[in-house]
Amino acid sequence: MFDRMAGNLTPWEPPLAGTEAEHLLGALDRLRTTFLWKADALDAAGLSIRIGPSALTLGGLLKHLAFAEDVMFTDKLAGEPVGEPWVTLHDGTDDWEFTSAAADSPDQLYAYWYDAVARSRARVSAALERGGLDQLAAVHDEEGNHASLRRLLCDLIEEYGRHTGHADLLREAVDGRVGEDPPPGWTPVSPGKPEL
């Protein structure tokens, strides 16, 4: 997605005028990129920083959002089990991804996130080809009303929005990095660096 050759130094920006799907995916990718910018290039100590009594860490957020990606587009969209690595990693407790991240290496935490985002992009692309934003997902409420792919994308945008705000505070506590967006021309340096 980075198009430096064409001179686009902020490829994470959504289109100014695109289709509904392009805007939803663009908003999600901008939040993914901003979140990664906040979590990028940290060692175990940086990924473990906490603020006050909160148990949140950037490492925990990386693992949580990786799991959320797979839940959203495997379980909720397709009705399939999330599979590995989550089956082996899940210890059956609530918020396990936040607490267990302290035992994972930085390389592993970044890999969880990069791999989950790649799987999500492939699943969403295939779903859009099959039926667009209006297609019904497997997840439903108590009355049997199914969510649409549009709703799932909006839910994940909301999830990233909330946690990118947390990441803002955590990263500032690590090394003072502040800002709303990555600087023009930024590319991640974390292990397993993807094409964003």
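Residue positions are given per chain, counting from 1 as you read along its sequence in written order. Thresholds applied to this predicted model are a pLDDT of at least 70 for local features of residues and 80 or more for the giving and counting of side-chain atom pairs; totals over whole chains, interfaces and linings are not thresholded and use all residues. Only hydrogens and water are removed before side-chain values are computed, so all heavy atoms of the structure are retained for them.

**Q** How would you explain the overall build of the protein if you had to name every residue and give the values?
**A** The helix and strand tally for the protein stands at seven helices and two strands. Going residue by residue from the N terminus, the α and β elements of the protein occur as α-α-α-α-α-α-β-β-α. All radius of gyration figures rest on C-alpha atoms, and the globule criterion is 2.2 Å times the number of residues raised to 0.38. By the compact-globule yardstick of 16 Å for 196 residues, the protein fits well, its C-alpha radius of gyration being 17 Å. Dimensions of the protein, computed from C-alpha atoms along their principal axes, come out at roughly 45 × 45 × 25 Å. The buried share of the protein, taken over its 196 residues, is 42%. Only heavy atoms matter for contacts: two residues are in contact if any of them lie within 4.5 Å across the pair. Taking all contacts inside the protein whose residues are at least 6 apart in sequence as the whole, residues at least 24 apart take part in 72%. Summed over all atoms, the accessible surface of the protein reaches about 9700 Å², with 55% contributed by carbon and sulfur. A run of H or I in DSSP becomes a helix once it reaches four residues, and a run of E becomes a strand once it reaches two; helices and strands are each numbered from the N terminus. Relative accessibility under 20% of the residue-type maximum defines a buried residue, over 50% an exposed one, and the middle range a partly exposed one, all with a 1.4 Å probe and only protein chains included. Method for areas: the Shrake-Rupley scheme with a 1.4 Å probe, in which residue coverage is limited to the protein chains shown.

**Q** Quick one: what's the story with the pattern of salt bridges, residue by residue and with numbers?
**A** Basic side-chain nitrogens of Lys or Arg form a salt bridge, by our definition, when they fall within 4 Å of a carboxyl oxygen of Asp or Glu. Following the criterion strictly, the structure yields 14 salt bridges and no others. Between Asp-29 and Arg-121 there is a salt bridge; the shortest N-O distance is 2.9 Å. Highlighted residues: Asp-29 in helix 1 (residues 20-39) and Arg-121 in helix 6 (residues 106-131), separated in sequence by 92 residues. Between Glu-158 and Arg-162 there is a salt bridge whose closest N-O contact spans 3.8 Å. Highlighted residues: Glu-158 and Arg-162, both in helix 7 (residues 149-175), separated by four residues, approximately one helical turn. Taking the relative accessible area as the measure of exposure, Arg-162 reaches 39% and is therefore partly exposed. Each member of the salt-bridge network shares a partner with another, and the members are Asp-29, Arg-32, Glu-69 and Arg-121.

**Q** Tell me about the packing of helix 1 against helix 3 (residues 58-78), and name the residues and values.
**A** When two helices pack together, their arrangement is given by the angle between their axes and by how far apart the axes lie. For every element, the axis is a line fit to its C-alpha atoms; helices are fit only across the contacting stretch, and the angle between N-to-C directions ranges from 0 to 180 degrees. At a minimum axis distance of 10 Å, the contact between helix 1 and helix 3 shows a crossing angle of 155 degrees. Taken together, helix 1 and helix 3 sit at an angle that is classed as roughly antiparallel. Between helix 1 and helix 3 lies a crossing of left-handed hand. Touching Arg-32, Phe-35, Lys-38 and Ala-39 of helix 1 are Leu-58, Leu-61, Leu-62, Leu-65, Glu-69 and Phe-73, all from helix 3. Tallied by class, the residues present in the contact of helix 1 with helix 3 amount to seven nonpolar, no polar and three charged. Comment on the angle field: the value is read as roughly parallel under 35 degrees, roughly antiparallel over 145, roughly perpendicular from 65 to 115, and oblique elsewhere. The crossing is said to be left-handed when, going from far helix to near helix, the turn is anticlockwise and less than a right angle, and right-handed when the turn is clockwise. Gly is put with the polar residues, along with every residue not named as nonpolar or charged; the nonpolar set is Ala, Val, Leu, Ile, Met, Phe, Trp, Tyr, Cys and Pro, and the charged set is Asp, Glu, Lys and Arg.

Purely geometric numbers; function is a separate question.
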